[in-house]
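# Chain and residue survey
Now for the letters of each chain:
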Amino acid sequence: MAVPVSATTPPETADQHERVNDQELQLPGLMQPDTIVLVHGFWVTPRAWENWIAHYENKGFRVIAPPYPGFEVEVEALNADPAPIETVTVPAIISSLEKLITGLDRPPIVMGHSAGGLFTQILLDRGLGTAGVVINSAPAEGVPVVPLSQIRSLFPVLKNPANRHRAVGLDFDQWRYAFANTFPEGQVRTTYERYHIPAPGSMVWSGSLANLHPGHTDTYVNFHNAERAPLLFLSGEDDHVMPPKVQMSNARHYKAEGTTTEVKVFPGRSHLMAVQDGWQEIADYALDWALAHS
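For every chain, the first residue of the written sequence is number 1, and numbering continues from 1 along that sequence. Per-residue local features of the predicted model are confined to residues with pLDDT of at least 70, and side-chain atom pairs are confined, for both listing and counting, to 80 or more; whole-chain, interface and lining totals are unaffected and use all residues. In computing side-chain values, all of the structure's heavy atoms are included and hydrogens and water are not.

### Considering the packing of aromatic side chains
- Side-chain rings of Phe, Tyr and Trp, where Trp is taken by its six-membered ring, are said to pair if the distance between their centres is within 6.5 Å; with planes under 30 degrees apart they count as stacked, over 60 as edge-to-face, and otherwise as tilted. Applying the stated criterion across every chain, the model contains 12 aromatic pairs.
- Centre to centre, the rings of Trp175 and Phe179 are 4.4 Å apart; their planes meet at 5 degrees, and the pair counts as stacked. A residue pair is termed a helical-turn pair when its members lie 3 or 4 positions apart in one helix, as Trp175 and Phe179 do in helix 7 (residues 172–179) at four residues.
- Linked through ring pairs, Trp43, Phe172, Trp175, Phe179 and Tyr192 together constitute an aromatic cluster.
- Two conditions define a charge located above a ring, namely a distance within 6 Å from the ring centre to NZ of Lys or CZ of Arg, and an angle within 35 degrees of the ring normal. In this structure, Arg189 packs its charged tip against the face of Phe172, placed 3.7 Å from the ring centre.
- Taking the ring centre of Tyr254 as reference, the NZ or CZ of Arg228 above it sits at 4.6 Å. By the criteria applied, helices consist of DSSP H or I runs no shorter than four residues and strands consist of E runs no shorter than two, each listed in order from the N terminus.

### Some thoughts on the environment of Trp175
- Here the term buried applies to any residue with accessible area under 20% of the maximum for its type, exposed to any over 50%, and partly exposed to those in between, with areas from a 1.4 Å probe on protein chains only. Assessed through its relative accessible area of 0%, Trp175 is described here as buried.
- Residues Trp175 and Ser153 lie 22 residues apart in sequence; the distance between their C-alpha atoms is 8.5 Å.
- Filtering out sequence-adjacent residues up to four positions away, Trp175 remains in contact with Trp43, Val44, Leu170, Ala180, Val188, Thr191, Tyr192, Tyr195, His196 and Leu272. Contact definition: two residues touch when any of their heavy atoms are within 4.5 Å.

### Looking at empty space enclosed by the protein
- The distinction between a cavity and a pocket rests on a 1 Å grid over the protein atoms alone: a 1.4 Å probe fits inside a cavity but cannot get out, while a pocket stays open yet meets protein on both sides within 12 Å along at least five of seven lines, and a residue with an atom within 4 Å of a point counts as lining. Grid points are joined across faces, edges and corners, and a volume is the space filled by probe spheres set on the points. Enumeration according to the criterion identifies one cavity of 30 Å³ or more in this entry.
- One number sums up the size of the largest cavity: a volume of about 40 Å³.

### Considerations on the nonpolar core
- Throughout, nonpolar core names a set of buried Ala, Val, Leu, Ile, Met, Phe, Trp, Tyr and Cys residues whose side chains join them through atoms within 4.5 Å. With 63 residues, the main nonpolar core has Phe42, Trp43, Tyr68, Phe119, Trp175, Phe179 and Leu272 as its most contacted residues.
- At six residues, the largest contribution of residues to this core is made by helix 5 (residues 115–125).
- In terms of nonpolar packing, the next biggest core, distinct from the first, is built from 26 residues, Trp52, Phe61, Ala65 and Val133 among them.

### Focus on the confidence of the model for the protein
- Each residue carries a pLDDT value, the predictor's own confidence for that position, ranging from 0 to 100. Of the residues in the protein, 86% have a pLDDT of 70 or more, and the chain-wide mean is 89.
- Per-residue pLDDT stays below 50 along residues 1–16; that stretch engages in 36 contacts with residues further than four places along the chain or on separate chains.
- Confidence drops under pLDDT 50 across residues 18–29; counting only partners more than four residues distant or on other chains, this segment forms 46 contacts.

### Thoughts on the pairing of strand 3 (residues 35–39)
- The element strand 3 is largely enclosed, with a buried count of five among its five residues.
- Residues of strand 3 alternate between two faces, with Thr35, Val37 and Val39 on one and Ile36 and Leu38 on the opposite face, all of them buried.
- Each parallel crossover has a hand, and the one from strand 3 via helix 1 (residues 50–57) to strand 4 (residues 62–64) is right-handed.
- Of the pairings in the sheet, the one linking strand 3 to strand 5 (residues 109–113) comprises four bridges and is parallel in character. Looking at the pairing, Ile36 lines up with Ile109 of strand 5. Viewed with both strands pointing away, a crossover whose connecting path from the first strand over the helix to the second turns clockwise is right-handed. Between any two strands, at least two bridges found by DSSP are needed for them to pair.

Spelled out as structure tokens, the structure:
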């Protein structure tokens, strides 16, 4: 049985599974979702979901992994010409995802990684999706936890204010620390060459400063929204970018009665655990939970 999360509860490990709200309610619905929308994060493209796409399609689901506006080309093209990365914005990304989801015949399950996890939280807050699963999610506005490992991971962008107007990539060592710190060395190199692209410096900066701006920013989520669909946070125990304490803090901010918000931590996993060895366990856990709560 799940254990309620409190301010003194340590991040779960191994097979512990914590509940943020007492109630475990399913949203009413006549049919289970037949579509899964996968939202990628920064420094990668939808290619990072390639294993999950095939895995879920083999289970009979329609799977959509949309790129951000301007990211409709391959990794190699974005590395060669990162201009689209420099100009992308949160409102443009959310607008494109809203248009996609509202055009579907049936509300989908929405899953997001890193910044894509934050975008998933925003979509659920707007009434889109039957259930949401966020993987090593970036925090919504109002979550104050900033671990030192996160600062180090984002420092390639934050070290220079001029990067607010640039697309900023990671070198191999920076990628290893931020995304693949528990990967075998050979897999670190493989994932870097296959998935890495620069990130939009403007969005990394604005996300880092979100709690210092007066009023709401583009990453605002209404934590008291009682109509929000069930939400699961999946966290890698050894993630340097968005460690478990970030996921726990984000989850605890959701206060609406009758909503379901849960956190599960997977031991030994890094930030890019969606492609790490053993990713099938995470993909199956995410889908089983989402179906049970849709």
